[in-house]
Every structure is written in C-alpha cells, then in structure tokens.
Amino acid sequence: MNELNDLYQEMILDHYKKPRNFGSLPDATAAAHGDNPLCGDRLALELRLAGDRIEDLRFRGSGCAISTASASLMTEAVKGKTKAEAIAIFEKFHPMVTGQGGPDGLGKLEVFSGVSEFPVRVKCATLAWHTLLAALEGKNDTVSTE
Ligand code: ZN
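Residues numbered from 1 in each chain as written. Predicted model: local features only at pLDDT ≥ 70, side-chain atom pairs only at ≥ 80, totals over all residues. Heavy atoms only, no water.

1. A look at the overall build of the protein
Helix and strand counts for the protein come out as four helices and four strands. Along the protein, helices and strands appear, N-terminal first, in the series α-β-β-β-α-α-α-β. Relative to the globule expectation of 15 Å for 146 residues, the C-alpha radius of gyration of the protein, 14 Å, shows essentially globular dimensions. Taken over the C-alpha atoms alone, the protein extends approximately 45 × 30 × 25 Å along its principal axes. Here the protein holds 146 residues, and 42% of them are scored as buried. In the protein, once contacts between residues fewer than 6 apart in sequence are set aside, the share between residues at least 24 apart is 61%. Entry remark: accessible area of the protein is about 7,400 Å², with carbon and sulfur atoms responsible for 50%. Of note, the protein has its 16 positive side-chain charges centred 4 Å away from the centre of its 20 negative side-chain charges. (Helix = DSSP H or I, 4+ residues; strand = E, 2+ residues; numbered from the N terminus. Rg over C-alpha atoms; globule rule 2.2 N^0.38 Å. Buried < 20%, exposed > 50% of the residue type's maximum accessible area, 1.4 Å probe, protein only. Contact = heavy atoms within 4.5 Å. Areas by Shrake-Rupley, 256 points an atom, 1.4 Å probe, with all protein chains shown as cover. Lys, Arg positive; Asp, Glu negative; His and termini not counted. Charge placed at Lys NZ, Arg CZ, Asp CG, Glu CD.)

Here's what the structure looks like:
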C-alpha cells in the first residue's frame, strides 16, 4: 500500500512540476476562473468547444501541488470528451476524493484517491473540476470553493 502511495505521490509531483496543457488558448470559446481561498489556489481555464465536444483546453494559475496536479490530470482526462462524458467523470471523481466511492474507471485520476483522508485537500483536488463545470455551463465567471 505504501508503495502505491509513493507511486501516486510521484505522479502528483510530476504533474505539479510539469503541468500538462498549461498556458492559454488563443481560440478559446469558453472560460472560467476558479478560486480556493482556503489554500490560495487560483486557476484560469480556457476551452475550445466543437459542438458538444471539448476539442482542446488549457489552464493557468498557481496553487498547491494537489490543485495544480489535479488541473493537469483533469485536462488530460477530458480532452476530446463530450460535455456529458466530462461531467460523468467528475461524478465519479467527486465521490472518490470525498471517500464515498471507489476509483473504478477513473484511470490516472485514481492518484487522488488518498485525498479522501485529508478533507481540507478535497477543495484543492476538485477546484479544476468545478471550474470546468462553470466553463461548460457558459458562466465565464469565477467559482469559489468558499
Ligand atoms: Zn490547495
């Protein structure tokens, strides 16, 4: 179990140090900001939607390792997916990080399963997802976890 945790830690640190899909998207069609004042995590998310599909997305911002790694892995998980598919992933991810569900079908996102042991970190892990939902709903607004 410890070895597994080490593997998860390593992957989180890797995505924190080298976040994927980081930057801005010049031809974005949807955007939102996320703010987690409890930890000081902030991010800006830009998406390019083609009909119902998330063709591409980028994020910028600064935050703790969990929030940055979560945003990085979220962008990888939802790129190319439809809105409904992306929402379905979050509907599995949220119970996992709050300890209400298992990691089945979540692939790499399973690295955040340990977050359920640290309730204060749940907001760090879900910030990017709440921001994604706001962007998909066309709110173009700042979502705050508080
Ligand atoms: Zn945080």
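From this point, things continue past the structure.
2. Some words on the confidence of the model for the protein
Low pLDDT means the predicted atomic positions in that stretch should not be read closely. When pLDDT is averaged along the protein, the result is 94, and 96% of the positions lie at 70 or above. Element-level mean pLDDT values for the protein span from 84 in strand 4 (residues 142-144) up to 98 in helix 2 (residues 65-78). (pLDDT = per-residue confidence, 0-100.)

3. Some remarks on the nonpolar core
V78, F93, F112, W129 and L132 are the most contacted members of the largest nonpolar core, which totals 40 residues. Of all the secondary-structure elements, those providing two or more residues to this core are helix 1 (2-17), strand 1 (30-36), strand 2 (41-50), strand 3 (53-62), helix 2, helix 3 (83-97) and helix 4 (122-136). Here this core gets 11 residues from one element, more than from any other, and that element is helix 4. The contacts of W129, once residues within four sequence positions are left out, are S70, M74, V78, A86, I89, F90, F93 and L109. (Core = buried A, V, L, I, M, F, W, Y, C linked by side-chain atoms within 4.5 Å.)

4. Quick notes on the coordination of the zinc ion
Distances from the zinc ion to its protein donors, C39 (SG), D41 (OD), D41 (OD), C64 (SG) and C124 (SG), fall within 2.2 to 2.7 Å. Sequence positions of the donors to the zinc ion reduce to the motif C-x1-D-x22-C-x59-C. Residue class for D41 comes out buried when judged on its relative accessible area of 1%. (Donors = N, O, S within 2.8 Å, 3.2 Å for Na, K, Ca; no water.)

5. Some details on the packing of helix 3 against helix 4
For any two helices packed against each other, the geometry is given by the interaxial angle and the distance between the axes. In contact at an axis separation of 11 Å, helix 3 and helix 4 are set at 160° when each is read in the N-to-C sense. By the angle between their directions, the pair helix 3 and helix 4 is classed as roughly antiparallel. Classified by chirality, the crossing of helix 4 by helix 3 is left-handed. Residues K83, A86, I87, I89, F90, F93, H94 and V97 of helix 3 form the contact with helix 4, whose own contacting residues are V122, A125, T126, W129, H130, L132, L133 and L136. Of the residues contributing to the contact of helix 3 with helix 4, the split by class is 12 nonpolar, three polar and one charged. (Axes fitted to C-alpha atoms, helices over the stretch in contact; angles between N-to-C directions. Parallel < 35°, antiparallel > 145°, perpendicular 65-115°, else oblique. Left-handed = near helix turned anticlockwise from the far one by under 90°. Nonpolar A, V, L, I, M, F, W, Y, C, P; charged D, E, K, R; others polar.)

6. Comments concerning the pairing of strand 1
For strand 1, the tally of buried residues reaches six of seven residues, placing the bulk of the element in the interior. Where strand 1 meets strand 2, seven bridges bridge the pair, whose relative direction is antiparallel. Bridging from a neighbouring strand, H33 pairs with A44 of strand 2. The loop that links strand 1 with its antiparallel partner strand 2 comprises four residues; one of these, G40, has a positive phi angle of about 90°. Strand direction decides the pairing type here: strand 1 and strand 4, joined by three bridges, are parallel. Considered in strand 4, the bridge of D35 is made with S144. (Pairing = 2+ DSSP bridges.)

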